[in-house]
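Reading the structure
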Amino acid sequence: MKSIDLKSILNFSAFRPEPDDPSASWKKRFPAEKTVFFGLGRGVLTWRGISRSGNPGDLEIVRAEPKEILSQSAEHIKSLTEQGWCAISLNTRYVISLETNLSRRTGSEEMLKTNARGVLGGRYERGKRYALTHNPETNSSILLTFDEDQTRKTEALFSEAGFRVGRVCCGAYLLLKHALAQTNTVKGSEQPVSTFYIVCCEGAVCALVQDQDRWLELRSRTDVYEEDFTPITDLLAPFHSRLSPDIGITLVCDEPMDGLEDRLAKVFPNRGITDLSQPALLATLMIQN
Amino acid sequence: MQITERKIDDFKSDRKDIAPPLPVVLRLVPLLFYCSIAVAVILSSVFAIQFQMAVQKRDSHKASTDSLSSQTQDARNERAALESQIKKATDTQSWVASSRPLQPLLVEITRSMGPRSSIVDLRLDRETDNPSQIKMGLRMNADSTKQLDLTVEKIAGLNYRAFSPTQTLGRGELDYKATLVHQDPLRQQNEEAQQ
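Computed from a predicted structure; not experimentally measured.

As a further point, take the overall build of chain A. Helices and strands together make up the secondary structure of chain A, namely 11 helices and 13 strands. Look at the contacts in chain A between residues 6 or more apart in sequence, and 61% of them connect residues 24 or more apart.

Looking now at the overall build of chain B. Check the secondary structure of chain B and you find 4 helices and 4 strands. Counted from the first residue to the last, chain B has its helices and strands arranged as α-α-β-β-α-β-β-α. Across the 195 residues of chain B, 12% fall into the buried class. Of the contacts made within chain B by residues no fewer than 6 positions apart, 53% connect residues no fewer than 24 positions apart.

On to the nonpolar core. Core analysis: the largest hydrophobic core is formed by 79 residues, its most contacted members being Cys86, Ala172, Leu176 and Val199 of chain A. Residue contributions to this core peak at 7 residues, all from helix α7 (residues 171-183) of chain A. With near-sequence residues (within four places) excluded, Val199 of chain A lies in contact with Ala172, Leu175, Leu176, Ala179, Val205, Cys206 and Val252 of chain A. Membership of the second largest hydrophobic core comes to 15 residues, among which are Leu138, Ala142, Ile155 and Leu174 of chain B.

Quick look at the packing of helix α2 (residues 103-111) of chain B against helix α3 (residues 146-157) of chain B now. All names here are of chain B. At a closest axis distance of 9 Å, the pairing of α2 and α3 adopts a crossing angle of 150 degrees. Taken together, the axis directions place α2 and α3 in an arrangement best described as roughly antiparallel. For the crossing formed where α2 meets α3, the hand is right-handed. Across the interface between the two elements, Leu105, Glu108 and Ile109 from α2 touch Thr151, Lys154 and Ile155 from α3. In terms of residue class, the contact of α2 with α3 is built from 3 nonpolar, 1 polar and 2 charged.

Now for the sheet that holds strand β9 (residues 195-201) of chain A. All names here are of chain A. Strands sit in the order β11-β10-β9-β12-β13 across an open sheet of 5 strands; the sheet is mixed. Two strands bound the open sheet, and with one partner strand each, they are β11 (214-221) and β13 (273-275). The sheet shows a mean angle of 15 degrees between the axes of neighbouring strands, direction not considered. Relative to strand β12 (residues 248-253), β9 runs parallel, the two sharing 6 bridges.

Our next topic: the confidence of the model for chain B. All names here are of chain B. Looking at chain B as a whole, the pLDDT averages 87, with 96% of positions reaching at least 70. Mean pLDDT across the secondary structure elements of chain B bottoms out at helix α4 (residues 185-194), with 74, and peaks at helix α1 (residues 28-98), with 92. Reported for the predicted complex are a pTM of 0.68 and an ipTM of 0.80.

Let us look at the pairing of strand β3 (residues 56-62) of chain A. Residue and element names in this part refer to chain A. With 5 bridges joining them, strand β2 (residues 44-50) and β3 adopt antiparallel strand pairing. Its bridge partner lying in β3, Trp47 is registered against Glu60. Hairpin geometry of β2 and β3 is characterised by an intervening segment of 5 residues between the two adjacent antiparallel strands and by a positive phi of about 85 degrees at Gly54.

Moving on: the interface of chain A and chain B. The figure often quoted for interface size is the accessible area lost as the parts come together. On the side of chain B, 23 residues touch chain A, which itself brings 39 residues to the contact. Among the secondary structure elements, those contributing two or more residues to the side of chain A that touches chain B are α1 (3-10), β6 (128-134), β7 (140-147), α6 (148-160), β8 (164-169) and α7 of chain A. If one sorts the elements of the side of chain A that touches chain B by residue count, α7 of chain A sits on top with 5 residues. Its residues assigned to classes, the side of chain A that touches chain B shows 21 nonpolar, 6 polar and 12 charged.

Turning our attention to α1 of chain A. For α1 of chain A, a buried count of 0 out of 8 residues is recorded, marking the element as mostly open to its surroundings. Looking one or two residues past α1 of chain A, Phe12 of chain A carries a phi angle of roughly 65 degrees, positive in sign.

Here is what the cut-offs are and how they apply
- Residues numbered from 1 in each chain as written.
- Chains lettered and ligands numbered in written order.
- Predicted model: local features only at pLDDT ≥ 70, side-chain atom pairs only at ≥ 80, totals over all residues.
- Helix = DSSP H or I, 4+ residues; strand = E, 2+ residues; numbered from the N terminus.
- Contact = placed C-beta atoms within 7 Å.
- Buried ≥ 20, exposed ≤ 12 C-beta atoms within 10 Å, placed from the backbone.
- Core = buried A, V, L, I, M, F, W, Y, C linked by C-beta atoms within 7 Å.
- Axes fitted to C-alpha atoms, helices over the stretch in contact; angles between N-to-C directions.
- Parallel < 35°, antiparallel > 145°, perpendicular 65-115°, else oblique.
- Left-handed = near helix turned anticlockwise from the far one by under 90°.
- Nonpolar A, V, L, I, M, F, W, Y, C, P; charged D, E, K, R; others polar.
- Pairing = 2+ DSSP bridges.
- pLDDT = per-residue confidence, 0-100.

This is the structure we're talking about:
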C-alpha cells in the first residue's frame, strides 16, 4: 500500500467515488470542493461556479470563440475552482432524434458505450457516442448522438486550458429528460400524458410531441437563438397545426427566459403553458445527478 | 407512463483505471484510528496530570517526612539532653543522698559503747565511684559480742543497712567490717505500697 492510498483512507476520499467516475453524482464526487460548469456553444462560452456547498453561482456569458475565451480567461475561471474540475454541457454539434424498435435488452443503455452497434443495429455510425431514453409504453426512443472526435477535441481544449474534465453532457437532452420525468409520473398506461415539450438550453432548442404517451415528433436544433426569441418561435410555429387541440405546452429552459412564454402563447394560442424553468436549473440537475 | 430521471449520460472519454469507492463499512478503519488517537491523547493527558499530581504528592510527603525526621531528631536531641540532665540530676541526687554527714553515725557508734567496752580503731571510708557505700572497719575491746550487736542495732537505727559483715574475735579485741548503705525509709514505704 502506497502512502497516497493510506492518506486517501485517512481523509475518507477512498470512500468517495473518484472525481472522474461517471457512475457517481457530481455531489458525491465533489462533496466540499469548488467546481465550475461550462456551457459550450458555437461562438459562445458560458460558465458558472459551484460553491463548496453545491450552490450554483452567477452565470457568465462571453460570445466569442471558446478557444480564445479560454486562452484569455482560463486563469480567472480556474480561480472559481480548487483543483480545476469542471463539467461541460455541449450545446452544439449534436443530434437528438426519435427512433423506433431499438434493442431494449437489459443493460442496453449501458452497452451503448461498449457495443453501440449491438443496441442501435443499422442506425449505428462509427465515431459517434450515444445516449438513449426509451418510451416505456411504446417502441420509440430518443437517441442523442455526439461526434466522438468533437467530444475529444472539447476535452483536449479544456485540458490544455488547465481544467480537469469530470463530465461532458448535453444540456438540452438533460433538460428534456427532466421534463419527461416531471410530467410522466404515473406507471402504466391508465393516465396517458399529452403535451408538447419545448426545451431551450443556451441557444439549443428541442421540441417533442407526446400524445397519449406516444412520442410522435421530435425536432432539435442547436445554435438557434441568442437574445432574440424569434428563431425559437419560427422553429416551433409549424407544430401548431399538427398538434391536437387539447395538447398543452411544457416549457423547460436552463434559466427562466422572460418574455418567451408570452411569445409562445401568441404562436400557440389557447394552449396552457407549464413552465418548469428555474434559475440555474441545468446546473442544479448536474449537481444532483 | 413513468419515466424516472436517472443518472446523467456522460460522454467524457472514460479512464480505464477508475477504482470503485471502498465499502462504507470500512469507514470504521479510519474512524477507529482517529478514535484511538483521541483516546491515546486523552489517556496520556490524564496520565500526565496524574503523574504530576503523584510527583507533587511524593515531594509533599518527602518534605513532610524530612520535617518529621527533623522533628524526631530534635526530639531525640532534646531527650538525650534531658536524659543527660536526668543522669546528672540523679548523680547529684545520689551524691547528695550518699554524702550525708558521717558525724551522726560516729556519734551513735561512740554512744553505743558500754562501760566495759572501748573503741580501738574506727575507720569509715567512702568509695569514690560509689559514695553511697561506706566501708566501715571497727576494732574494739569487748568481752562479748553483745556490744557489737548493740552497735549494729544503733547503726540500723540510723537507717543504715550492713552488707557483707565480717567479725573477728581475738585477744580481747573484736574486729568488725561491713559495707553500710543508707536506706531512705520513705522510699522503702513507697516501694512496699506499690508491691
